[in-house]
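Architecture and fold: a report
One-letter residues, chain by chain:
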Amino acid sequence: KLVEANNPQLEVYRKQIEQQKFNLHKTIASWYPTIDLNATPQYLEGENFNESSSDTTSEQWKTTLSVEINWNIIDPARNPEIASAKATYEKAKSTYFIQLRDLYLEALSTYFLLQKSDEGVRIGKESIRASEISLRDAKASFEAGLGTRLEVLEAETQLARDKRLLTNKLSDQQTQRSLLSSIL
């Protein structure tokens, strides 16, 4: 639902569907007659001289009404135009649903990659903890005279590798989060 609601690309496709739907309705409307109704009101006022009356004004309302009905009963281009409008409308709907499915699949894929990188971060943190314990044990053995300097160096090297691994996993995690937020 987030993909569908928040994606600006899908909003463009939704507007195209609405536009094609309007065009289809406009084309289907060509089957029906059109009626043009015009009315022109006029108000006429004048002065009349009448000796027996004190009111010498006259008022008159006049309206001109015209009605024009057009109905193209026989129009060979109408059926292909309607079929074309329907096909364009269906194409717009199909394009929208294809884009929606593609974005949904992309969001799922990115989400699973984010989960994988989250798990990689968790494993990296655990590796660092284990390497720190191993380094501490190697240093204690070396100081007690039971271990060698090589064991301490190997433990330090492993700790450095684990820190680099964690840094890479944190970078991957941030990248996947950014990708997912851009999709949603």
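Summary of the structure given here. (Residues numbered from 1 in each chain as written. Predicted model: local features only at pLDDT ≥ 70, side-chain atom pairs only at ≥ 80, totals over all residues. Heavy atoms only, no water.)

The next thing to look at is the overall build of the protein. When helices and strands are counted, the protein shows four helices and two strands. Radius of gyration (C-alpha) of the protein: 41 Å, far over the 16 Å computed for a compact globule of 184 residues. Its C-alpha atoms give the protein principal-axis dimensions of roughly 140 × 55 × 15 Å. Taking all 184 residues of the protein together, the buried fraction comes to 21%. Restricting to contacts in the protein with at least 6 residues of sequence separation, those with at least 24 account for 72%. Element-wise, carbon and sulfur atoms account for 55% of the exposed surface of the protein, whose accessible area totals about 13,900 Å². (Helix = DSSP H or I, 4+ residues; strand = E, 2+ residues; numbered from the N terminus. Rg over C-alpha atoms; globule rule 2.2 N^0.38 Å. Buried < 20%, exposed > 50% of the residue type's maximum accessible area, 1.4 Å probe, protein only. Contact = heavy atoms within 4.5 Å. Areas by Shrake-Rupley, 256 points an atom, 1.4 Å probe, with all protein chains shown as cover.)

Applying the stated rule across the entire model yields seven salt bridges. Here Lys93 makes a salt bridge to Glu90, at a shortest N to O gap of 3.7 Å. Here Lys93 and its partner Glu90 are both found in helix α3 (residues 78–144), three residues apart, which amounts to about one turn of the helix. Residue classification places Glu90 among the partly exposed residues on the basis of a relative accessible area of 40%. (Salt bridge = Lys/Arg side-chain N within 4 Å of Asp/Glu carboxyl O.)

The next point concerns the nonpolar core. Judged by nonpolar contacts, the single largest core of 13 residues is most densely connected at Val3, Leu10, Ile17 and Tyr96. Breaking this core down by element, the ones donating at least two residues are α2 (8–28) and α3. Among the elements that line this core, the one with the most residues is α3, at seven residues. Sequence-distant contacts of Tyr96, defined by excluding residues within four places in its chain, comprise Glu4, Leu10, Tyr13, Arg14 and Ile17. In terms of nonpolar packing, the next biggest core, distinct from the first, is built from eight residues, Ile128, Leu135, Ala138 and Leu166 among them. (Core = buried A, V, L, I, M, F, W, Y, C linked by side-chain atoms within 4.5 Å.)

Here the focus is the packing of aromatic side chains. Scanning the model with the defined rule gives two aromatic pairs in all. Taken together, a centroid distance of 5.3 Å and an interplanar angle of 70° make the contact between Tyr96 and Phe97 edge-to-face. The exposure class of Tyr96 is buried, given its relative accessible area of 5%. (Phe/Tyr/Trp six-rings, centres within 6.5 Å; stacked < 30°, edge-to-face > 60°.)

For α2, built from 21 residues, the straight-helix expectation of 30 Å at 1.5 Å per residue is met to within 8% by its first-to-last C-alpha distance of 30 Å. Residues of α2 that are buried make contact with α1 (2–6) and α3. For α2, the N-terminal capping position is held by Asn7, with its side-chain oxygen 2.8 Å away from the main-chain nitrogen of Gln9. (Expected span 1.5 Å × (residues − 1). Polar contact = N/O pair within 3.5 Å; in protein donor to acceptor, adjacent residues only side chain to side chain.)

Here we come to a nonpolar patch on the surface. On the surface, a cluster of nonpolar side chains totalling about 550 Å² of accessible area is made up of Ile35, Leu37, Leu65, Val67 and Ile69. At the level of secondary structure, the elements contributing two or more residues to the nonpolar patch comprise β1 (34–47) and β2 (57–70). Sort the elements by how many residues they give to the nonpolar patch and β2 lands first, with three residues. Here Ile35 lies in strand β1. (Patch = residues over 30% accessible without salt bridge, like charges linked within 9 Å, V, L, I, M, F, W, Y side chains within 5 Å.)

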